[in-house]
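Each chain, letter by letter, is given below.
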Amino acid sequence: MALSWRSWLANEGSKHLFLFFWLSLNVWLFGKTFLLYNQGLQYYYLHQMLGLGLCVSRASASVLNLNCCLVLLPMCRVLLAFLRGSQKVASKKTRRLLDKSKTFHVTCGVTICIFSVLHVAAHLVNALNFSENYNEEFVTLNAANYRGEDPRKLLFATVPGLTGVIMVLVLFLMCTASTYAIRVSNYDIFWYTHNLFFVFYMLLMLHVSGGVLKYQTNLEEHPPGCFNPNKTLRQNLTVPKAFEELFPDYTTEPFPEDLPVPEPFVQNSFLRVCSEEPKFQSHFPETWFWISGPLCLYCVERLYRYIRSNKPVTITSVISHPSNVLEVRMMKDDFEARPGQYVILHCPRVSALESHPFTLTMCPTDTKATFGVHLKVVGDWTERFRDLLLLHSNQDTEILPIFQQRRYPKLYVDGPFGSPFEESLNYEVSLCVAGGIGVTPFASVLNTLLDGWKRYKLRRLYFIWVCRDIESFRWFADLLCMLHNKLWQENRPDYINIQLYLSQTDGIQKIIGEKYQALNSRLLIGRPRWKLLFDDIAKCNRRKTIGVFCCGPNKISKILHKLSNSSNSYGTRFEYNKESFS
């Protein structure tokens, strides 16, 4: 399969180039800081006492500062939604980069883990060096109190050491609980451990306030690299005769007569004479400058989100669909959303701290204030939520709304937040592929087109929906039929191309109901032949850019991603987008 470099650059190239730039920036920052501190050690002749451990620890700390500063920004959901929905980011390519916010967050997290290991290893070496190479000439620079002090005291009996140990444990919990296996098997563990980030940042601010780092306060009186910087050198260094008259106080023993005085040595090495010993003072923690801004921004956003979502919504109806799918329709004052966005639901009676994102399947419009979500009952949270909403938890086959009078539990909605599917209406041609419950992001798009499609750029929509059982199509069968009939009445039957695929069946099946005849004619048995499908779409849309949107299993996503990057003979370019809650 030939690779189209233009398509690759549009789909993955920009992300790979950015990741390469980010890696290069971290390596450059590490090397630059390492050389800076290494030069400082040479000025003060401290290599024996500190070695290269200090250089590595400070270089890795600079990289950690940068990544701890930026790792929070991709999680500022309100900011990203504002940038996506406003005219501040007019470029479609730039908006598509915002969809990679989760990738950038993960990249920063992995970088923090890698350089934390390097930082910890360097400080273990530093603890040994401070203890074994204790230097009485630089008492203020010594982290140890005396020669031979137990290095474990530096790690467990000091503020920087103890906070560092706890931070390593917190980071270990966060990293291990963020793996795919744990997130899928037990999301609660990931949720609770990831919220330890606040503890991590508080410890980080204490970690750098221990006063271990020092800087020289008397540079004019004692410039780095000056002649006779400390008493040890005055006792051991011999001075040439040429300097006895100029510097009589620093003369110790005569310089060997048979040894000529090097001219560069005369001109460069002893032009500056120190008038006093170097004095050092603790640094103001630079880490505070790095993390205070993003941390305050994130906290302000969380406060704003809490205030915005503090009022519970009004649940208007609950619909139990086949295959353990629950639809919740609700209302909220001044709630506005765009097709493709998602919200975060929080029900205190289900869990006091836990909340989950769900894509909007119905957005409020000028004529109706109702919005809704569809959720698949697959875990403890959704099971408890279903039991609270329904009178009887075994009503999973009931399709009609439940009109019984009852008090629904309090439900809080945070959002909406942006997602890649907002762009589906901004292409002239879009290909939307859904697998099972992955149809939810496209339901709001279809509902919006039902209210009116002429004001959008979209002029042709290919809608592919793959399900394992026939009953799953009934989740949105009414919506698809209404949209199909509406377009036929407006003489635009080619506006939407609907293809439904039943992947697992024992024979020919149909969606029950005479009103679903339009969908039965578009129901196919088996799986889509993706290569032929892409070729057909490219042929019918020559030299156009087609937006490809996928929400479903990773297997389908990878196939579509590969096909979007491949070349075709029709000059058609496919831009791939995938749902990913950030």
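Refer to the preceding data block for the structure.
Notes on the structure in this doc start here. Since we're looking at a predicted model, the values are computed, not measured.

### What about the overall build of the protein?
Point 1. The secondary structure content of the protein amounts to 20 helices and 14 strands.
Point 2. Buried residues in the protein amount to 47% of all 582 residues.
Point 3. For the protein, long-range pairs separated by at least 24 residues make up 74% of all intrachain contacts whose partners lie at least 6 apart in sequence.
Point 4. Put simply, the protein shows about 30,300 Å² of open surface, and 59% of that area lies on carbon and sulfur atoms.

### What about the packing of helix α8 (residues 159–177) against helix α10 (residues 187–194)?
Point 1. Orientation of α8 relative to α10, taken along the N-to-C sense of each, is 145 degrees, at an axis distance of 9 Å. Where α8 crosses over α10, the handedness of that crossing is left-handed. Note on element contacts: α10 touches α8 through I189, F190, T193 and H194, opposite L173, M174 and A177.

### A closer look at the side chain of D414
Point 1. Within the fold, D414 resides in strand β8 (residues 412–417).
Point 2. Residue class for D414 comes out buried when judged on its relative accessible area of 9%.
Point 3. Of note is the side chain of D414, whose polar atom sits 3.3 Å from the side chain of R308.

### Some points on unusual backbone geometry
Point 1. In the segment running from G415 into P416, the intervening peptide bond is cis, with an omega of 10 degrees.
Point 2. Mapping P416 onto the fold places it in strand β8.
Point 3. Although it is not a glycine, D334 adopts a positive phi angle of roughly 60 degrees.
Point 4. Of note, D334 is situated in the loop between β4 (325–331) and β5 (342–346).
Point 5. Given the relative accessible area of 80%, D334 is considered exposed.
Point 6. In this structure, R543 is a non-glycine residue whose phi angle is positive, near 55 degrees.
Point 7. Checked against the element boundaries, R543 lands in the loop between α19 (530–540) and β13 (545–551).

Here is what the cut-offs are and how they apply
- Residue numbers run consecutively from 1 along every chain, following the written order of its sequence.
- Only residues with pLDDT of at least 70 get local features here, since the model is predicted, and only at 80 or more are side-chain atom pairs given and counted; chain-wide, interface and lining totals rely on the full set of residues.
- Water and hydrogen atoms play no part in the side-chain values, which are based on all heavy atoms of the structure.
- Secondary structure elements follow DSSP: runs of H or I of four or more residues count as helices, runs of E of two or more count as strands, with numbering from the N terminus.
- Residue exposure (1.4 Å probe, protein chains only): buried if accessible area is under 20% of the type maximum, exposed if over 50%, otherwise partly exposed.
- Contacts are assigned to residue pairs that have any heavy atoms within 4.5 Å of one another.
- Accessible surface is estimated by sampling points in the Shrake-Rupley manner with a 1.4 Å probe; for residues, cover comes only from the protein chains shown.
- The axes are straight lines fitted to the C-alpha atoms, using for helices just the contacting stretch, and the angles between their N-to-C directions are given from 0 to 180°.
- Less than a right angle of anticlockwise turn of the near helix away from the far helix marks a crossing as left-handed, whereas a clockwise turn marks it as right-handed.
- Polar contact is defined as a pair of N or O atoms within 3.5 Å, subject to the rule that within protein one atom must be able to donate a hydrogen and the other to accept it, and that residues adjacent in sequence are counted only when both atoms are side-chain atoms.

Function cannot be inferred from these measures alone, as they are strictly geometric.
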